[in-house]
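Below, each chain spelled out in residue letters.
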Amino acid sequence: MCKMAQRFTFYFCLILSLQTFIVVIRANESNQDVKIEVTFLPENCSQKAKRGDMLNAHYDGYLAKDGSQFYCSRSTNTGYPHWFVLGVGEVIKGLDLGLDGMCPGEKRKVTVPPSLAYGEKGKGPVPPNSTVIFEVELLHITRGPRSIEAFKEIDIDNDKALTKEEIKEYLKMEAKKLNTQKDESYFDDVVADVFHKNDHNADGTLSLKEYNVYGHDEL
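Residues numbered from 1 in each chain as written. Predicted model: local features only at pLDDT ≥ 70, side-chain atom pairs only at ≥ 80, totals over all residues. Heavy atoms only, no water.

A few words now on the overall build of the protein. Looking only at helices and strands, the protein has 5 helices and 9 strands in total. Seen in sequence order, the protein has helices and strands lined up from the N terminus as β-β-β-β-β-α-β-β-α-β-α-α-β-α. Looking at the protein as a whole, 49% of its 219 residues are labelled buried. Accessible surface, the protein: about 11500 Å² in total, of which carbon and sulfur atoms supply 51%. (Helix = DSSP H or I, 4+ residues; strand = E, 2+ residues; numbered from the N terminus. Buried < 20%, exposed > 50% of the residue type's maximum accessible area, 1.4 Å probe, protein only. Areas by Shrake-Rupley, 256 points an atom, 1.4 Å probe, with all protein chains shown as cover.)

Our focus in this paragraph is the environment of Gly52. Here Gly52 lies in the loop between strand S2 (33–40) and strand S3 (53–63). For Gly52, a relative accessible area of 10% translates into the label buried. For the pair formed by Gly52 and Thr142, sequence separation is 90 residues and the distance between their alpha carbons is 9.4 Å.

This part is about the state of the cysteines. The final tally for this structure, using the stated rule, is 1 disulfide. Linked covalently through their sulfurs, Cys45 and Cys103 form a disulfide whose S-S length is 2.1 Å. Between Cys45 and Cys103, the S-S torsion sits near -105 degrees, and that sign places the bridge as left-handed. Of this pair, Cys45 sits in the loop between S2 and S3 while Cys103 sits in the loop between helix H1 (93–98) and strand S6 (107–112), and the two are 58 residues apart along the sequence. (Disulfide = S-S within 2.5 Å.)

A water-sized probe, rolled over the atoms, reveals where empty space remains. Taken as a whole, the second largest pocket encloses approximately 310 Å³ of empty space. Here the residues of the lining of the second largest pocket are counted per class, giving 10 nonpolar, no polar and 2 charged. (1 Å grid on protein atoms, 1.4 Å probe; cavity = no way out; pocket = protein on both sides within 12 Å on 5 of 7 lines; lining within 4 Å. Points joined across faces, edges and corners; volume = space filled by probe spheres on them. Nonpolar A, V, L, I, M, F, W, Y, C, P; charged D, E, K, R; others polar.)

It is worth spelling out the environment of Leu139 at this point. Relative to the assigned elements, Leu139 resides in strand S7 (residues 132–143). Spatially, the C-alpha atom of Leu139 lies 8.2 Å from that of Pro81, the residues being 58 residues apart in sequence.

As a further point, take the pairing of strand S4 (residues 69–72). Both S3 and S4 contribute to a ladder of 3 bridges, which runs antiparallel. Residue Asp60 lies in a different strand from S4, and its bridge partner there is Cys72. Between the antiparallel neighbours S3 and S4 lie 5 residues, among them Gly67 with a positive phi of about 75 degrees. (Pairing = 2+ DSSP bridges.)

Residues Leu55, Leu95, Leu99, Val132, Phe134 and Val136 are the most contacted members of the largest nonpolar core, which totals 30 residues. For this core, the element with the most residues is S7, which contributes 5 residues. Non-local contacts of Phe134, meaning those with residues more than four positions away in its chain, are made with Tyr59, Asp60, Gly61, Phe70, Ile92, Leu95, Arg108, Lys109, Val110 and Tyr118. Formed by 19 residues, the second largest nonpolar core is a distinct cluster that contains Leu139, Phe151, Ala175 and Tyr186. (Core = buried A, V, L, I, M, F, W, Y, C linked by side-chain atoms within 4.5 Å. Contact = heavy atoms within 4.5 Å.)

So this is what it looks like as structure tokens:
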């Protein structure tokens, strides 16, 4: 089990009693189920993830058959939490289903059958036909990169380019809305990760094309 990096933790000053409950989701295209166990639910859970939202999360992956760990986001080369868009196939189908309705600060244990994970072929250290378990901590939710409205909201000076400071201020504003406490280093790390992955021409700003990855706004 990898250790939690303090700078990425929401609500680190807030100690709540552990709340646990289990939900089972049946995928329409599968006869197998995704099992969701909520292991921690923050007091403020008004903002919930939906399809098209961009999520920032840490997650650890385990093989259900023996409990061995095959992935840990905190021990990768970057150690950053992952940004991904929910519901569009950027993560396995089981996680697209299992993280729906999750709120910042919430922790879930998601058990995913092979058909909604890595299937008959497996992937990397995951053998074929493996049921996998992910322990997920959701850190942040924002509108996904398909949203023109989100781009305009972040683009304070309306110059059709997002600077690091504009994105940082937007993240701070979102955190303030949720009454969450984060270290300054959290924002710096998130912004650095966003630019590392999206500033393709390395000019220090994100154009509409670089930010709006999918080129349209149907979600």
